[in-house]
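# Breakdown of the fold
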Amino acid sequence: MLRDITLGQYYPADSVVHKLDPRVKLFATMIYIIALFTFQGILGFAIITGMLIFMIKISKVPFSYIVKGLKAIVVLLLITAVFNLVFTPTGTEYWHWGPFHLTSTGIMNAVLMTIRLIYLIIGTSLMTLTTTPNQLTDGLEKALSPLNRIHIPVHAIAMMMSIALRFIPILIEETDKIMKAQMARGADFEDGNLIQKAKSMVPLLIPLFVSAFRRADDLAMAMEARCYSGGEGRTKMKPLRYQGTDRKAYVILIAFLVLVIVARVLLRWPQ
Amino acid sequence: MAEIILDKINYTYSDGTAYEIQALKDVNLQIHQGEFIGIIGHTGSGKSTLTQLLNGLLRASSGSIYVDGQDIYDEGYDMKALRSKVGLVFQYPDHQLFETTCFEDVCFGPKNQGLDRKDIELRAFEALRNVGFPEELFYQPPFDLSGGQKRRVAIAGVLAMKPDVLILDEPTAGLDPAGRDEILGLVSKMHRELGITILLVSHSMEDVAEYVDRIIVMNHGAVMFDALPKQVFAHYKELEAVGLAAPQVTYLVHELAERGLPVDTQATTAREAAQTILSALREKNVI
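Residues numbered from 1 in each chain as written. Chains lettered and ligands numbered in written order. Predicted model: local features only at pLDDT ≥ 70, side-chain atom pairs only at ≥ 80, totals over all residues.

## Here we look at the overall build of chain B
The test is simple: Secondary structure is summarised from DSSP: a helix means a run of H or I of at least four residues, a strand means a run of E of at least two, and numbering begins at the N terminus for each. Put simply, the radius of gyration uses C-alpha atoms, and a globule should come to 2.2 Å times the residue count raised to 0.38. Remark: residues whose backbone-derived C-beta atoms lie within 7 Å of one another are considered to be in contact.
Scanning chain B for helices and strands turns up 11 helices and 10 strands. In summary, chain B has a C-alpha radius of gyration of 21 Å against a globular reference of 19 Å for 287 residues, a match within 12%. Restricting the contact set of chain B to residue pairs at least 6 apart, pairs at least 24 apart contribute 63%.

Rendered as structure tokens:
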């Protein structure tokens, strides 16, 4: 049931992308998002599409697996598209009724926004698909470590993030088990009106909270038993170090961003 | 009264992804009314999956399950009715206790069956009595109880729905030896007195040897043995090879037989072993 959500779930494979330093991938995601929202015209779009296809290809994650993740945001996409379509009053008008307009700019915006969102989800989920949560927080901690100087507890934030991420699958599994245990006693989580549905959540939420608090308690105890005392003086077993491929990746990324910006300046068609 | 037939059941987790695991392979089983069956297998052998298929919480990837001659995968089959017929008690009672008092918690099942308040309370009361739960704890919150008492409340919670078949998934996990014996004794008593079919899932032969009249051994998602305890334990060497062990007395009587004492190697319980050893010694005029 709940296991079927693939959006951003790590997909184990042996590829160049999987082996990249997580900092590179964080940076790449940022560059990709910037490119996605600065590009204009068909040429920039082609470059981004090419890059995305290339990345998916070398990541060895099956395309169908990535697309499955898109299912979760279909509703969001539809709403965005419809709003852009009927609420843009500028451009050549084809049809209007009350506050609703159908214009050339509106159609353009709707298409563009939908493409941007789809690309955004595919691109960012490619990062989480190829990076384990632990690598991700490791990368984040290292990348943000300069902020330590202005007294932002980067280590604590990264630790909280990795614990939170670590607990998601555990809590999902736990929810699954509790749901089954209550369904075995005749509980019904699907039928009924809104109030009945909310009420039917009680037998699910109480055991879940009880167990989450117990787990948090146990974890804190286990960490203290191993002398955890925050980031001060803490070293890593496998410190992150840039390799040759990481440097190449940085070069490719910068080149990619420059290309997208150049394309925006040179060829703006169509607007 | 329930008669369950499993026909060529296959089950695959996360079908079509990188995490694909085949949990059950071509499982054929027949469970008769009133049987007391032990399902044994080590972690990951598919025994928990099997139990969840039996009351429709999971749907088999292929194959059919017939309960009282009806295919439970037929369209319009009443799954809710199946779940009151085949009761399943999960391993950890913490996964189901949620009400403010033990009594209210046990009422949850019958309430979902749509009974009226009087019947619900009657059933809850009866179920708690049947599991030997002390009356002074009836109106205490279930969260502060000991492991053994929590387990009793959890079993009562399912028993209150009056199932024909009761499946217990590792009911002794995490209990001390005394608590373990109490729960197993209780299960055996329920089988005798209430006449319900019981499926006891466990990874310990010792747990089940004394009580059940049929053992199903699961290994890598397939049924490895399905026979009387004596017959299954006769294969104790094969059981060892798959990471399971026969009860200690099986080893003892085999060892004694090898050393020339004419004992009956089919003894599975401590009492039987003691008897056969005594009679063998008498035969040899040692005592």
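## Quick notes on the overall build of chain A
Counted only if it meets this: Burial in this document is a count-based property: other C-beta atoms within 10 Å of a residue's C-beta are tallied, and the residue is buried at 20 or more, exposed at 12 or fewer, or partly exposed in between, with C-beta positions derived from the backbone.
If you tally the helices and strands in chain A, you get 11 helices and two strands. In terms of its C-alpha atoms, chain A occupies a principal-axis envelope of roughly 65 × 55 × 40 Å. Burial analysis of chain A (271 residues in total) assigns 20% to the buried set. Put simply, 75% of the contacts in chain A that link residues at least 6 apart link residues at least 24 apart.

## Digging into the sheet that holds strand E1 (residues 4-13) of chain B
Strands in a sheet are paired, the pairing made by backbone hydrogen bonds, and the direction either parallel or antiparallel. Here is the rule we go by: DSSP bridges decide pairing: two strands pair if at least two such bridges lie between them.
Pairing is antiparallel across the open sheet formed by four strands, whose spatial order is E2-E1-E4-E5 (chain B). Taken across any chain shown, the strands that pair with only one partner, and hence form the sheet edges, are strand E2 (21-31) and strand E5 (70-71) of chain B.

## Considering the packing of helix H2 (residues 22-38) of chain A against helix H6 (residues 104-130) of chain A
All names here are of chain A. As a reminder, the rule being used: Axes here refer to lines fitted to C-alpha atoms; in helices the fit is confined to the stretch in contact. Angles between the N-to-C directions go from 0 to 180 degrees. Each angle receives one of four descriptions, namely roughly parallel if under 35 degrees, roughly antiparallel if over 145, roughly perpendicular if within 65 to 115, and oblique otherwise. Here the term charged refers only to Asp, Glu, Lys and Arg, the term nonpolar to Ala, Val, Leu, Ile, Met, Phe, Trp, Tyr, Cys and Pro, and the term polar to all other amino acids, Gly among them.
Axis separation between H2 and H6 bottoms out at 10 Å; the angle between their running directions is 175°. Our classification of the angle between H2 and H6 gives roughly antiparallel. For the pair H2 and H6, the contacting residues are Lys-25, Thr-29, Tyr-32, Ile-33, Leu-36 and Phe-37 in the first and Arg-116, Tyr-119, Leu-120, Gly-123, Thr-124 and Met-127 in the second. A class-by-class count of the residues in the contact of H2 with H6 yields seven nonpolar, three polar and two charged.

## Concerning the pairing of strand E7 (residues 165-169) of chain B
Residue and element names in this part refer to chain B. Rules: Handedness of a crossover is defined as follows: orient the strands so they point away from the viewer, and if the path from the first strand over the helix to the second runs clockwise, the crossover is right-handed.
E7 sits mainly inside the fold: five of its five residues count as buried. Alternating residues of E7 divide into Val-165, Ile-167 and Asp-169 and Leu-166 and Leu-168, and every residue in both groups is buried. Bridge analysis of strand E6 (residues 86-89) against E7 gives four bridges, and the strand direction is parallel. When the sheet's bridge partners are listed, Leu-88 is paired in E7 with Ile-167. With five bridges connecting them, E7 and strand E8 (residues 197-202) associate as parallel partners. Pairing of Ile-167 across the sheet is with Leu-199, part of E8. Handedness of the E7-helix H6 (residues 177-194)-E8 crossover: right-handed.

## Details of the domain arrangement of chain A
Put simply, the rule is: Each domain's extent is set by a domain assignment, obtained either automatically or from a database.
By domain assignment, chain A separates into domain 1 (1-131 + 241-271) and domain 2 (152-236). When each unit is reduced to the centre of its C-alpha atoms, the spacing between domain 1 of chain A and domain 2 of chain A is 32 Å.

## A few points about the interface of chain B and chain A
Facing 24 residues of chain B, the contacting portion of chain A comprises 19 residues. Among the elements of the structure, helix H2 (79-85), E6, helix H3 (102-112) and helix H5 (147-159) of chain B are those that each provide at least two residues to the side of chain B that touches chain A. Of the residues that constitute the side of chain B that touches chain A, the class distribution is 10 nonpolar, 11 polar and three charged.

## As for the UniProt feature "transmembrane region" (unreviewed entry) in chain A
Which entries qualify depends on this criterion: UniProt positions are given in the numbering used here, feature names are shortened, and annotations may be inferred rather than shown by experiment.
Mapped onto the present numbering, the UniProt feature "transmembrane region" (unreviewed entry) falls at residues 30-54, 66-87, 107-129, 150-172 and 249-267 of chain A. What you have in residues 30-54 of chain A is 92% helix and 0% strand, and the ends, taken at the C-alpha atoms, are 17 Å apart.

## Details of the packing of helix H8 (residues 154-183) of chain A against helix H10 (residues 202-225) of chain A
All names here are of chain A. Counted only if it meets this: A crossing counts as left-handed when the near helix is turned anticlockwise from the far one by less than a right angle, and as right-handed when that turn is clockwise.
Their axes nearest at 9 Å, the elements H8 and H10 cross at an angle of 140°. The angle between the axes of H8 and H10 places the two elements in the oblique class. As for how H8 packs across H10, the hand of that crossing is right-handed. Mapping the contact onto sequence places Leu-171, Glu-174, Thr-175, Ile-178, Met-179 and Gln-182 in H8 and Pro-203, Leu-204, Pro-207, Leu-208, Ser-211 and Ala-212 in H10. For the contact of H8 with H10, the residue count by class is eight nonpolar, three polar and one charged.

## Here we look at the sheet that holds strand E9 (residues 214-219) of chain B
Residues and elements named next belong to chain B. Here six strands make up an open sheet; going across it, the order is E6-E7-E8-E3-E9-E10 and the pairing mixed. The two strands at the open ends of the sheet, each matched to only one other strand, are E6 and strand E10 (222-227). Recorded for the sheet is a direction-independent mean angle of 15° between the axes of neighbouring strands. Examined bridge by bridge, E9 and E10 share five bridges and lie antiparallel to one another. Counted as the bridge partner of Asn-219 is Ala-222 from E10.

## With respect to the pairing of E9(B)
Residues and elements named next belong to chain B. Most of E9 is tucked away, with five of its six residues classed as buried. Bridge count between strand E3 (residues 36-40) and E9: four bridges; the pairing is parallel. Bridge pairing in E9 places Ile-37 opposite Arg-214. Adjacent in sequence and paired antiparallel, E9 and E10 are bridged by two residues, among which His-220 carries a positive phi angle near 50°.

## Observations regarding the confidence of the model for chain A
Quick reminder of the rule: Scored between 0 and 100, pLDDT is the confidence that the predictor attaches to each residue.
On average, residues of chain A carry a pLDDT of 85, and 96% of them reach 70 or more. No element of chain A has a lower mean pLDDT than strand E1 (residues 93-97) of chain A, which averages 77, and none a higher one than H10(A), which averages 92.

## Let's talk about the nonpolar core
Among soluble globular proteins, nonpolar side chains are generally buried collectively. Which entries qualify depends on this criterion: Put simply, a nonpolar core is a cluster of buried Ala, Val, Leu, Ile, Met, Phe, Trp, Tyr and Cys residues tied together by C-beta atoms within 7 Å.
Among the nonpolar cores identified, the biggest contains 79 residues, and B:Ile39, B:Val106, B:Ala156, B:Ile167 and B:Leu200 are the most heavily contacted of them. In terms of residues, this core owes the most to one element, H5(B), which gives six residues. Setting aside anything within four residues of it in sequence, one finds B:Val106 in contact with B:Ala124, B:Ala127, B:Leu128, B:Val153, B:Ala156, B:Gly157 and B:Ala160. A:Val17, A:Ala35, A:Ile48 and A:Met51 belong to the second-largest nonpolar core, a separate cluster that totals 13 residues.

## Re unusual backbone geometry
Backbone geometry places A:Lys60, a non-glycine residue, at a positive phi of 65°. Inspection of the secondary structure puts A:Lys60 in the loop between helix H3 (41-59) and helix H4 (63-70). The backbone phi angle of B:Asp26 is positive, close to 45°, even though this residue is not glycine. The residue B:Asp26 is located in strand E2 in this model.

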